2 protein chains.
Amino acid sequence: MINKYTRVSLLVVLLYLVPCSLIAQEKNNIFQYSVISALMQGNYDGNLTIGELKEKGDFGLGTLNHLDGEVVILDGEFFQVTSEGLVNRIPAESLTPFAVVTFFKAVERKEINETVSLNQLTASIDKTLESINFIYAFKITGKFSYVKTRSVPAQEKPYKKLVDVTKNQSVFEFKDIEGTILGFRFPSYVDGVNVPGYHFHFISADKKSGGHVLDLMTTGVTIEYAKQDNITIAIPGEGDFLNTDLSKMNPEELKKAEK
Amino acid sequence: MINKYTRVSLLVVLLYLVPCSLIAQEKNNIFQYSVISALMQGNYDGNLTIGELKEKGDFGLGTLNHLDGEVVILDGEFFQVTSEGLVNRIPAESLTPFAVVTFFKAVERKEINETVSLNQLTASIDKTLESINFIYAFKITGKFSYVKTRSVPAQEKPYKKLVDVTKNQSVFEFKDIEGTILGFRFPSYVDGVNVPGYHFHFISADKKSGGHVLDLMTTGVTIEYAKQDNITIAIPGEGDFLNTDLSKMNPEELKKAEK
């Protein structure tokens, strides 16, 4: 039989654990591992596990070590879209060299009920944002008449720069597909740290297709979004990151690598 | 008389408060309010109080609203160096438009026992750093044969750009003075977010002099420093920040404003 002191002790332990995990899981703050200038220069091996990343967010995007595909994170599920177009659940022990996550909680909502391309969609969103100097997370759900995505194959050392890897990217086209496009809009002042402007990944409703979004066409989607109050950047502490010349990032190469 | 249940309850409350505040005060992480590109464009009014900033660090630098002087934060004390060269303790309700703090804990130590200028000092530090892609905090303590600092006068709206304000900065020269030079080294990839390279503020041992460091000469100082594992940037949520064109920051203007 459990006596009252044991019960009180158990209560103490429980009360102990709850608030700190709540603090750790603040909504609408960005956690980012490494910086885009490092990924651009070919730093494809990081030291953060997907298990550790899960503690920092349930929503976001990134890649895996060796640049092995595109990562899509939705509702706490972590998906890898390989260069063959396959979607895998990512084991907790997998490592990432670059990822951007948040505990997503929609603050605003916008419906699109006209035929729009990716550029028209982002132009329409731009008009509704309170400030383009804020960081925003977006979750765009609905049916797409067209989605064009890409993924990248796992690399071997010596690593090429990202702009050179994406010259041989796999491109996928989907028609009449339901799913979620998710990602971020970052302001211009973060240009060595993250991707200025919109950056979206896609995962289909059946979780069988996805990738880094290159274009889309839709006649009706729901856009949920949230301003992000803080961004925390974890600086990799070991590996190639230490000795790479990160002053060399070329904004034009970033645009090419993302398109 | 306090019975044992009350005692247990008090214990629960105590245990509750301790670990979360410890988590909040993690060592060697940077907290930054706003971004340097906003300060450069004349965003001199923020919404973070010094009281709130104290919860984020006990060491660092910044300025106050209206660009009213240079802020030096050492051992949990917050000092304002005015454009008249006076040093004031800053009340908790004062607001800042830009500040960079950490809970400083020295990880490495280096002694300088030769005559060096600021440029020679930073060149010497550069040689000992594990990676210039890391963020570092520095606390440089000792006797200086010469320190040249500046401060800036409180501005009135419409605000001029920082590079124009610093054309009329107050410059102070000190000889044979004991004190602490403290600040940070940021990598090139943060250039819209913070100041790439070294950024130091000075406070004398008697807490009567200080400012933004322009030059120095010393024959012996102790340098304590620590790699920073994470940086958290709080994005201002209101005010001029929302409507300022932050894409216009010119790296040459930043160099001029800091020299």
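Residues numbered from 1 in each chain as written. Chains lettered and ligands numbered in written order. Predicted model: local features only at pLDDT ≥ 70, side-chain atom pairs only at ≥ 80, totals over all residues.

Draft legend 1. Quick look at helix α6 (residues 251-258) of chain A. Residue and element names in this part refer to chain A. Turning to α6, its buried residues number three or more, namely Leu254, Ala257 and Glu258. For α6, the angular spread of buried residues about the axis comes to 90°, placing them on one side. Where α6 is buried, its residues touch α2 (36-40), α5 (162-165) and β13 (197-204). (Buried ≥ 20, exposed ≤ 12 C-beta atoms within 10 Å, placed from the backbone. Helix = DSSP H or I, 4+ residues; strand = E, 2+ residues; numbered from the N terminus. Arc of directions from axis to C-beta. Contact = placed C-beta atoms within 7 Å.)

Draft legend 2. The interface of chain A and chain B, seen in detail. Each partner contributes residues to the interface: chain A has 35 residues there, and chain B has 36 residues. Breaking the side of chain A that touches chain B down by element, the ones donating at least two residues are α1 (4-24) and β15 (230-234) of chain A. If one sorts the elements of the side of chain A that touches chain B by residue count, α1(A) sits on top with 7 residues. Classifying every residue of the side of chain A that touches chain B by side-chain character gives 21 nonpolar, 11 polar and 3 charged. For β15(A) and strand β15 (residues 230-234) of chain B, the ladder comprises 5 bridges, and the chain directions are antiparallel. (Nonpolar A, V, L, I, M, F, W, Y, C, P; charged D, E, K, R; others polar. Pairing = 2+ DSSP bridges.)

Draft legend 3. Region of the structure containing the pairing of β15(B). Sheet analysis places strand β1 (residues 29-33) of chain B next to β15(B), joined by 5 bridges and oriented parallel. Note on β15(B): the bridge partner recorded for Gln32(B) is Ile233(B).

Draft legend 4. Broad picture of the relation of the copies chain A and chain B. Once chain A is rotated about the relating axis by 180° and shifted along it by 0.0 Å, it coincides with chain B to within an RMSD of 0.0 Å. Taken together, the rotation and translation relating the two chain copies correspond to the operation of a two-fold axis. Among all residues of chain A, the minimum C-alpha distance to the rotation axis is found for Thr232(A), at 2.0 Å. The share of interface residues of chain A whose copies in chain B are also at the interface is 100%, consistent with both copies meeting through the same surface. (Least-squares fit on C-alpha atoms with pLDDT ≥ 70 in both.)

Draft legend 5. Main features of the pairing of strand β4 (residues 70-74) of chain B. Residue and element names in this part refer to chain B. The buried fraction of β4 amounts to 5 of the 5 residues, a majority that puts the element mostly inside the structure. Burial along β4 is two-sided: Glu70, Val72 and Leu74 and Val71 and Ile73, pointing in opposite directions, are all buried. Summarising the sheet, strand β3 (residues 59-63) and β4 pair through 4 bridges and their orientation is antiparallel. Among the inter-strand pairings, leucine 61 is bridged to a residue of β4, identified as valine 72.

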